[in-house]
Amino acid sequence: MTFTVPGPVMDEINGHGEKSYPEEGAGLILGLSEGEHREARQVLPMPNHFDSHKRGRRYRLDPQEILQAEERAEQLGLEVIGVFHSHPDHPSAPSQTDLDWAVPWYVYLITSIEKGAASETRAWRMLEDHSRMVEEILEIKDGDG
Amino acid sequence: MSHIRVPTPLRPYTEGQGKLEVEAGTVGEALLELTTKFPSIGPHLYNEDGELRPYVNLFVNDQDVRTLDGEQTPIKEDDTLMILPSIAGGTI
Ligand SMILES: [Zn+2]
C-alpha cells in the first residue's frame, strides 16, 4: 500500500509532535482510501488522555472524540484513515504497546522527535491476523501537485 | 429496530456499511446478529477465547457499556449501539 501525505499536512504532524515534546502527541488522519492507496487530506491533533506522568511514553485517544472525528470526516466526504503519534527521543518503529493496540486497516504514522525536533516519520499497518505491523510506502507530496 | 454504528476499520467486513439495523434486546444479541450476518467481522471484535478485543469499545447512545451491564445492557427501539476503536500506543 502507498500512503500519500501532502507536505503541509506532514508539517502539521511534525509540529504537533514537537509541540507535545517531551510527551507523546497524537491525533487522527482524515482522507481518502481507494484500493491499495490512501491519501491524507487533513489531520486532527487530539488530546493525549493517558495519565499525565506517563504521557512521555504512552498515548490514548478518547472514544467519544474519535466518534466526533468520524462524524466530522463524514461531513467532509472523507474517512478516518489512520492515526499519527510521536516517539520522543526514540526511533519511528512500532513498540510492543503499539502492536498490542493497533487496529488493522488504519495506517499508523510514527514520528521520531529528537531533542524536540521532528526527525523521521514512517508509516505502518497491522496485518489482518494481528500478527505484526508492516511498513508501508510513505509518499510526501510537495506543493500543489 | 435498533441501530449499530460500525467504525471505518470494520466496514470492509460489513460490505462497506457504517450503519446497520438490528432487532435485538441487548448489546450481546445485537453483536450476535452482526456476527451472524457478517461472520468475517467476528475475529476483529473477539479474540480466540471469545473475549472482546481490548481496542473494541461499545457505547449505547453515549454511555460506555462497561459502566452499564456490559453485553447484557438492554437496547431499546431507536437506540444506537456504537462500536468505537480504542486508539492507543506508546514509545516502548
Ligand atoms: Zn508508538
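The structure reproduced in this document is the subject of the present report. (Residues numbered from 1 in each chain as written. Chains lettered and ligands numbered in written order. Predicted model: local features only at pLDDT ≥ 70, side-chain atom pairs only at ≥ 80, totals over all residues. Heavy atoms only, no water.)

What follows deals with the overall build of chain A. Assigned secondary structure in chain A consists of three helices and eight strands. In sequence order, the secondary structure elements of chain A are arranged as β-α-β-β-β-α-β-α-β-β-β. A compact globule built from 145 residues would reach a C-alpha radius of gyration of about 15 Å, and chain A, at 14 Å, matches this within 12%. By principal-axis analysis of the C-alpha atoms, chain A measures approximately 40 × 35 × 30 Å. Expressed as a percentage of contacts within chain A between residues at least 6 apart in sequence, the contacts between residues at least 24 apart total 65%. Here chain A displays about 6700 Å² of accessible surface, and carbon together with sulfur accounts for 47% of that area. Measuring between centres, the 14 positive side-chain charges of chain A sit 5 Å from its 27 negative side-chain charges. (Helix = DSSP H or I, 4+ residues; strand = E, 2+ residues; numbered from the N terminus. Rg over C-alpha atoms; globule rule 2.2 N^0.38 Å. Contact = heavy atoms within 4.5 Å. Areas by Shrake-Rupley, 256 points an atom, 1.4 Å probe, with all protein chains shown as cover. Lys, Arg positive; Asp, Glu negative; His and termini not counted. Charge placed at Lys NZ, Arg CZ, Asp CG, Glu CD.)

Residues and elements named next belong to chain A. Within the element layout of this structure, Thr4 appears in strand β1 (residues 2–6). Between the alpha carbons of Thr4 and Leu138 there is a distance of 6.1 Å; along the sequence they are 134 residues apart. Ignoring any residue separated from it by four or fewer positions in sequence, one finds Thr4 in contact with His37, Arg38, Glu39, Ala40, Glu139 and Lys141. A polar contact of 2.7 Å, which involves the side chain of Thr4, links it to the side chain of His37. (Polar contact = N/O pair within 3.5 Å; in protein donor to acceptor, adjacent residues only side chain to side chain.)

Let us look at the pattern of salt bridges. Following the criterion strictly, the structure yields eleven salt bridges over all chains and no others. Among the salt bridges present, the one from Glu136 of chain A reaches Arg125 of chain A, with a minimum N-O distance of 2.8 Å. Here Arg125 of chain A lies in strand β7 (residues 117–126) and Glu136 of chain A lies in strand β8 (residues 133–141), a separation of eleven residues in the sequence. The exposure class of Glu136 of chain A is buried, given its relative accessible area of 7%. The salt bridge involving Asp79 of chain B is made with Lys76 of chain B; its shortest N-O contact spans 3.7 Å. On the basis of relative accessibility, which here comes to 55%, the residue Lys76 of chain B falls in the exposed class. Overlapping salt bridges, with partners in common, bring together Glu70 and Glu74 of chain A together with Arg5 and Arg11 of chain B in one network. (Salt bridge = Lys/Arg side-chain N within 4 Å of Asp/Glu carboxyl O. Buried < 20%, exposed > 50% of the residue type's maximum accessible area, 1.4 Å probe, protein only.)

This next bit is on the coordination of the zinc ion. Donor atoms from the polypeptide that bind the zinc ion are His85 of chain A (NE2), His87 of chain A (NE2), Asp98 of chain A (OD), Asp98 of chain A (OD) and Gly90 of chain B (O), placed at 2.0 to 2.6 Å. Summarising the burial analysis for this pair, His85 of chain A and His87 of chain A share the class buried. (Donors = N, O, S within 2.8 Å, 3.2 Å for Na, K, Ca; no water.)

Taken residue by residue, the interface counts 34 residues in chain A and 26 residues in chain B. In this assembly, chain A packs against chain B so that about 2600 Å² is buried in total across both faces, 59% of it on carbon and sulfur atoms. Here chain A is connected to chain B by four salt bridges. The residue Glu74 of chain A makes a salt bridge to Arg5 of chain B at a minimum N-O spacing of 2.9 Å. The interface formed by chain A and chain B includes 16 residue pairs in polar contact (both at pLDDT 80 or more). Here the residues of the side of chain A that touches chain B sort into 15 nonpolar, nine polar and ten charged. Bridging between strand β4 (residues 58–61) of chain A and strand β6 (residues 87–90) of chain B involves four bridges; their strand directions are antiparallel. (Buried area = accessible area lost by both parts, 1.4 Å probe. Nonpolar A, V, L, I, M, F, W, Y, C, P; charged D, E, K, R; others polar. Pairing = 2+ DSSP bridges.)

Below, the discussion takes up the sheet that holds strand β3 (residues 37–46) of chain A. All names here are of chain A. Within the closed barrel, the seven strands sit side by side as β1-β3-β2-β5-β6-β7-β8. Their pairing is mixed. Each adjacent strand pair in this sheet contributes to an overall mean axis angle of 35 degrees, direction not counted. Where strand β6 (residues 107–114) meets β7, seven bridges bridge the pair, whose relative direction is antiparallel. Considered in β7, the bridge of Tyr108 is made with Trp124. In the packing of helix α1 (residues 7–20) onto the sheet, the strands contacted are β1, β2 (26–34), β3, β5 (79–88), β6, β7 and β8, and the crossing angle to β3 comes to about 35 degrees. Packed onto the sheet, helix α2 (residues 63–75) meets β2, β3 and β5 and runs at close to 130 degrees relative to β3. (Axes fitted to C-alpha atoms, helices over the stretch in contact; angles between N-to-C directions.)

Moving on to the sheet that holds strand β5 (residues 80–85) of chain B. Note on sheets: strands pair through backbone hydrogen bonds, and any given pair is parallel or antiparallel. Residue and element names in this part refer to chain B. If you trace the five strands from one edge of the open sheet to the other, you get β2-β1-β5-β3-β4, paired in mixed fashion. With one partner strand each, in any of the chains shown, β2 (19–22) and β4 (63–64) form the two edges of the open sheet. Sheet topology places strand β3 (residues 56–60) next to β5; five bridges connect them, and they run antiparallel. Its bridge partner being in β5, Val60 is matched across the sheet by Leu81. This element, helix α1 (residues 27–37), spans β1 (2–5), β2, β3 and β5 of the sheet and lies at about 70 degrees to β5.

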